[in-house]
Amino acid sequence: MKDEPSFQRIRADLEARQKAILWEDARQGGKGVDAFLWKGDPKAKPVQRAGLLIFAIAFFFLAVIMASIPFQKDSENGGSAVCFLIALFCFLITTRLVRNAFLRSSRSGQNDVEDDDR
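Residues numbered from 1 in each chain as written. Predicted model: local features only at pLDDT ≥ 70, side-chain atom pairs only at ≥ 80, totals over all residues. Heavy atoms only, no water.

1. Quick look at the overall build of the protein chain
So, step 1. Within the protein chain, the secondary structure is distributed over 6 helices and 0 strands.
So, step 2. Along the protein chain, from the amino end to the carboxyl end, the secondary structure elements read α-α-α-α-α-α.
So, step 3. Burial statistics for the protein chain: of 118 residues in total, 17% are counted as buried.
So, step 4. Excluding contacts between residues fewer than 6 apart, the proportion of contacts in the protein chain whose partners are at least 24 apart in sequence is 65%.
So, step 5. When the accessible area of the protein chain is evaluated, it comes to approximately 10,000 Å², of which 62% is carbon and sulfur surface. (Helix = DSSP H or I, 4+ residues; strand = E, 2+ residues; numbered from the N terminus. Buried < 20%, exposed > 50% of the residue type's maximum accessible area, 1.4 Å probe, protein only. Contact = heavy atoms within 4.5 Å. Areas by Shrake-Rupley, 256 points an atom, 1.4 Å probe, with all protein chains shown as cover.)

This is how it looks when you write it as structure tokens:
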């Protein structure tokens, strides 16, 4: 019973997580989102994976638009290399986000072997 947190402790913890008035508070609150975006989470919920795919689609569209700019009739030749570099960067972000969206937990064979030995 002593290990169970009291209602006041739970409430204080919840209020601390929800406040994002100061820069430091917002940075602390966004750590989980940043980690999920860039590192992925094998235990993510389907709605989180769908949100990650929406971000990936947005970056993919940006990459396609930036890659198509040099092929426009009214485009100048000077900015084509820059557009392709930006498109490549956006495409790399897209691939990273899609990989993280489909990241699954690895089923270790050691657990299966231990269960079979019993």
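Right, picking up where we left off after that structure.
2. Some details on the packing of aromatic side chains
So, step 1. This structure, assessed with the given rule, holds 2 aromatic pairs.
So, step 2. Consider the rings of phenylalanine 60 and phenylalanine 61, whose centres lie 6.4 Å apart with planes at 45°: the pair is tilted. (Phe/Tyr/Trp six-rings, centres within 6.5 Å; stacked < 30°, edge-to-face > 60°.)

3. Considering the packing of helix 4 (residues 46-68) against helix 5 (residues 80-101)
So, step 1. Interaxial distance between helix 4 and helix 5 falls to 8 Å at its minimum, and their mutual angle equals 165°. The angle between helix 4 and helix 5 places the two elements in the roughly antiparallel class. Our pair here, helix 4 against helix 5, has a crossing hand that is left-handed. When helix 4 is examined against helix 5, the residues Arg49, Leu52, Leu53, Phe55, Ala56, Phe59, Phe60, Leu62, Ala63, Met66 and Ala67 are found in contact with a partner set consisting of Cys83, Phe84, Ile86, Ala87, Cys90, Phe91, Ile93, Thr94, Leu97, Val98, Asn100 and Ala101.
So, step 2. Grouping the amino acids of the contact of helix 4 with helix 5 by side-chain chemistry returns 20 nonpolar, 2 polar and 1 charged. (Axes fitted to C-alpha atoms, helices over the stretch in contact; angles between N-to-C directions. Parallel < 35°, antiparallel > 145°, perpendicular 65-115°, else oblique. Left-handed = near helix turned anticlockwise from the far one by under 90°. Nonpolar A, V, L, I, M, F, W, Y, C, P; charged D, E, K, R; others polar.)

4. Some details on a nonpolar patch on the surface
So, step 1. Residues Ile57, Phe60, Phe61, Val64, Ile65, Ile69 and Phe91 make up a contiguous nonpolar surface patch of roughly 610 Å² in combined accessible area.
So, step 2. When residues of the nonpolar patch are assigned to their parent elements, the largest contribution, 5 residues, is made by helix 4.
So, step 3. With respect to the helices, strands and loops of the structure, phenylalanine 60 is situated in helix 4. (Patch = residues over 30% accessible without salt bridge, like charges linked within 9 Å, V, L, I, M, F, W, Y side chains within 5 Å. Salt bridge = Lys/Arg side-chain N within 4 Å of Asp/Glu carboxyl O.)

5. Topic: the nonpolar core
So, step 1. By size, the foremost hydrophobic cluster in this structure holds 8 residues: Phe36, Leu37, Ala44, Leu52, Ala56, Ile93, Leu97 and Ala101.
So, step 2. The set of elements that each furnish at least two residues to this core consists of helix 3 (31-39), helix 4 and helix 5.
So, step 3. Residue contacts for leucine 52: discarding those within four places in its chain leaves Phe36, Leu37, Leu97, Asn100 and Ala101. (Core = buried A, V, L, I, M, F, W, Y, C linked by side-chain atoms within 4.5 Å.)

6. Notes on the confidence of the model for the protein chain
So, step 1. For the protein chain, the mean per-residue pLDDT works out to 79, and 76% of the residues sit at or above 70.
So, step 2. Confidence, read as mean pLDDT per element, is least for helix 6 (residues 109-117) in the protein chain (45) and greatest for helix 4 (92).
So, step 3. Taken as a whole, residues 109-118 scores under 50 in pLDDT and shows 0 contacts with residues more than four places along the chain or in a different chain. (pLDDT = per-residue confidence, 0-100.)

7. Concerning the environment of phenylalanine 89
So, step 1. For phenylalanine 89, the position within the fold is in helix 5.
So, step 2. Separated by 26 residues in the primary sequence, phenylalanine 89 and alanine 63 have C-alpha atoms spaced 7.8 Å apart.

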